[in-house]
Amino acid sequence: MGTLVSFHAHPDDETLLTGGTLARAAALGHRVVLAVATDGEAGLASRTAGGTDLGRTRVAELEQAAATLGCARVVRFGRPDSGWSPGRAPVEGAFSRLPVEVASSALIELLRDEQADALTIYDPAGGYGHPDHRQVHRVGRYAASVARTPCVLEATLPRQLLLRLVRVAARIPGLLDPVRAASFETAYTDRDDITHTVDVRPFLTAKRSALRAHCSQASSDAGPRTLRLLLGLPAPAFRLVAGREWFVERTPASPITTQFLGPRDGVRSS
Ligand SMILES: [Zn+2]
């Protein structure tokens, strides 16, 4: 059995990008440790219905989602959330603006402490481009090299699949503005560069419950939210959209990766 550390920018990213994979690894008996850089206090919903501080709410949601997925430990680094307002730079001291050597110290310590076999991060584009997500890539790679964690796995989506979904969404009035839709042309990862497609359909009940735990991010009225869209899907469509998760292994192929993610693509059709 191995130890998998999954590093994320904000509460809910762990479920959206890797929830099924983490549930799968935990169910197989691996130790799954969740590490989250920020408490997500700059999320789009500034206040919850009860008037509670958003960061505190999201931490509670994270704990519940992690328990649902079977994570053995949750570690929060408590770095300031950069937020995301296109055209406006994140405030000084925010996670994305910290020098990599500074921002990675807690993760290096965690990787050493856990003697991690593998670390999940994001692709270099930071998926859809959030500055904290791009920083997760830089910090994760650096921390793994210092801590000598042998496997680094980039959680991502196949760009071509995303663009197909975006084109459908763009036809629904008011769902997606054209500028946002165009930004996906360079988001995530080309299908040909993805090394692992994980079938997480047997773990969709846990993934859906974990998504529901992040209800502050589904109930916001600040425009379309991925979480709300996903939870609104009927079961067959949810299975289709959320039933697979994707990774890029740039470090040398390792048997422990096969244990965590299953076989490489190409070993079977996808
Ligand atoms: Zn995020």
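Above this text you will find the structure in question.
Residues numbered from 1 in each chain as written. Predicted model: local features only at pLDDT ≥ 70, side-chain atom pairs only at ≥ 80, totals over all residues. Heavy atoms only, no water.

Engineer: Give me the lowdown on the packing of aromatic side chains, citing residues and values where you can.
Structural biologist: Under the defined criterion, the tally for this structure stands at three aromatic pairs. Ring centres of Phe 7 and Phe 77 lie 6.0 Å apart, and the angle between their planes is 50 degrees; on these two criteria the pair is classed as tilted. One end of the pair, Phe 7, is in strand 1 (residues 3–8); the other, Phe 77, is in strand 3 (residues 73–79), and 70 residues separate them in sequence. You'll find Phe 7 and Phe 77 in the same group, each marked buried. Taken together, the ring pairs connect Phe 7, Phe 77 and Phe 95 into an aromatic cluster. (Phe/Tyr/Trp six-rings, centres within 6.5 Å; stacked < 30°, edge-to-face > 60°. Helix = DSSP H or I, 4+ residues; strand = E, 2+ residues; numbered from the N terminus. Buried < 20%, exposed > 50% of the residue type's maximum accessible area, 1.4 Å probe, protein only.)

Engineer: Kindly report on the packing of helix 8 (residues 204–213) against helix 11 (residues 235–242), identifying the contributing residues and their values.
Structural biologist: Packing of helix 8 against helix 11 leaves a shortest axis separation of 11 Å and a crossing angle of 95 degrees. Here helix 8 is positioned roughly perpendicular relative to helix 11, judged by the angle of their axes. For the pair helix 8 and helix 11, contact is made by Leu 204, Lys 207, Arg 208 and Leu 211 and by Ala 235, Phe 238, Arg 239 and Ala 242, respectively. Looking at the contact of helix 8 with helix 11 residue by residue, the class counts come to five nonpolar, no polar and three charged. (Axes fitted to C-alpha atoms, helices over the stretch in contact; angles between N-to-C directions. Parallel < 35°, antiparallel > 145°, perpendicular 65-115°, else oblique. Contact = heavy atoms within 4.5 Å. Nonpolar A, V, L, I, M, F, W, Y, C, P; charged D, E, K, R; others polar.)

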